[in-house]
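Coordinate analysis (summary)
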Amino acid sequence: MASKEYPYDPLVSYLFSTKDNDSVWEAFNNEKKLHLELQNAVLDAYETLDTDEQWFLDYLLFQKISLREMGRWISMPKTTVARKRDYILRKLKRKLKYDPIVRKYLTYSSSSD
């Protein structure tokens, strides 16, 4: 999958215009790099799912189709659709749990709070 393009951010243009503060600029670059690495790790884990599971998550999470409507499409009760969704998300979580980039992000996030 291709990397996602982000919309214009006024903070970025401000940082480009004021390169005097190197520490702020360096912190911004490090966070941006970590964010892109994290995004790629999640996309890699997503691509390891079966095609049916990718389709399922795409419609439920990204296309915002309700559980009830999805159940009607595939002739399955809403509760079963929810269980299937939860199973796929647990599967993704297991794949990402030990990924070094995800662990780095989680420790970075918790230390900055």
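Structure first, text after, so check above.
Residues numbered from 1 in each chain as written. Predicted model: local features only at pLDDT ≥ 70, side-chain atom pairs only at ≥ 80, totals over all residues. Heavy atoms only, no water.

Overview of the nonpolar core
Generally speaking, soluble globular proteins have nonpolar side chains that are buried together. Inclusion rule: Side-chain atoms within 4.5 Å link the members of a nonpolar core, which is a set of buried Ala, Val, Leu, Ile, Met, Phe, Trp, Tyr and Cys residues. With a 1.4 Å probe rolled over the protein chains alone, any residue whose accessible area is under 20% of its type maximum counts as buried; one over 50% counts as exposed, and the rest are partly exposed. Residue contacts are counted whenever heavy atoms from the two residues lie within 4.5 Å of one another.
In terms of nonpolar packing, the biggest core is built from 15 residues, with Leu49, Phe56, Leu57 and Met70 touching the most fellow members. Setting aside anything within four residues of it in sequence, one finds methionine 70 in contact with Trp55, Phe56, Tyr59, Leu60, Ile65 and Val81.

Observations concerning helix H5 (residues 78-97)
Basically, it comes down to this: Here a strand is any run of E in DSSP of at least two residues, a helix any run of H or I of at least four, and the numbering for each starts at the N terminus. A helix is expected to span 1.5 Å multiplied by its residue count minus one.
A rise of 1.5 Å per residue sets the reference length of H5, with its 20 residues, at 28 Å; its end C-alpha atoms lie 28 Å apart and thus fit the reference within 8%. Taken residue by residue, H5 has Val81, Ala82, Ile88, Lys91, Leu92 and Leu96 as its buried positions.

So, a nonpolar patch on the surface
To keep it simple, the criterion reads: Patches in this entry comprise residues that are over 30% relatively accessible and not in a salt bridge; like charges within 9 Å are linked, as are nonpolar side chains (Val, Leu, Ile, Met, Phe, Trp, Tyr) within 5 Å. In these tables, accessible area is a Shrake-Rupley quantity obtained with a 1.4 Å probe, and a residue counts as shielded only by the protein chains included in the view. Any carboxyl oxygen of Asp or Glu within 4 Å of a side-chain nitrogen of Lys or Arg constitutes a salt bridge here.
On the surface, Leu61, Phe62 and Leu89 cluster together into a nonpolar patch covering about 260 Å² of accessible area. By relative accessible area, which is 34% here, leucine 61 ends up partly exposed.

So, the packing of aromatic side chains
Going by this rule: Within 6.5 Å between ring centres, the rings of Phe, Tyr and Trp (the latter by its six-membered ring) count as paired, and their orientation is classed by plane angle as stacked under 30 degrees, edge-to-face over 60, tilted in between. Geometrically, a lysine NZ or arginine CZ counts as sitting over a ring once it is within 6 Å of the ring centre and also within 35 degrees of the ring normal.
Applying the stated criterion to the full structure yields 3 aromatic pairs. With a centroid separation of 6.4 Å and an interplanar angle of 75°, the aromatic rings of tyrosine 46 and phenylalanine 62 are classed as edge-to-face. Taken together, the residues span a long stretch of sequence, with tyrosine 46 in helix H2 (residues 22-47) and phenylalanine 62 in helix H3 (residues 51-62) at a distance of 16 residues. On the basis of relative accessible area, tyrosine 46 is assigned to the buried category, the value being 12%. Relative to tyrosine 59, the ring of tryptophan 55 has its centre 5.0 Å away and its plane inclined at 50°; by these criteria the two rings are tilted. Pair noted here: tryptophan 55 and tyrosine 59 are both in helix H3, with a separation of 4 residues, about one helical turn. For tyrosine 59, a relative accessible area of 26% translates into the label partly exposed. Every member of this aromatic cluster is reached through a ring pair, and the members are Trp55, Tyr59 and Trp73. Lying across the ring of phenylalanine 56, lysine 84 places its NZ or CZ 5.5 Å from the centre.

Things to note about the packing of helix H4 (residues 67-74) against H5
Axes are the key here: two packed helices are described by the angle between their axes and the distance separating the axes. Spelled out, the test is: The axes used here are C-alpha line fits, helices contributing only the stretch in contact, and every angle between their N-to-C directions lies in the interval 0 to 180 degrees. Every angle not falling under 35 degrees, over 145, or within 65 to 115 is termed oblique; those three ranges are roughly parallel, roughly antiparallel and roughly perpendicular. Classes in brief: Ala, Val, Leu, Ile, Met, Phe, Trp, Tyr, Cys and Pro nonpolar; Asp, Glu, Lys and Arg charged; the others, Gly included, polar.
One can describe the packing of H4 onto H5 by two numbers: an axis separation of 8 Å at closest approach and a directional angle of 100°. Compared by their axis directions, H4 and H5 come out roughly perpendicular. Where H4 approaches H5, its residues Leu67, Arg68, Met70, Gly71 and Ile74 are matched on the opposing element by Lys78, Val81, Ala82 and Arg85. For the contact of H4 with H5, a count of residues per class yields 5 nonpolar, 1 polar and 3 charged.

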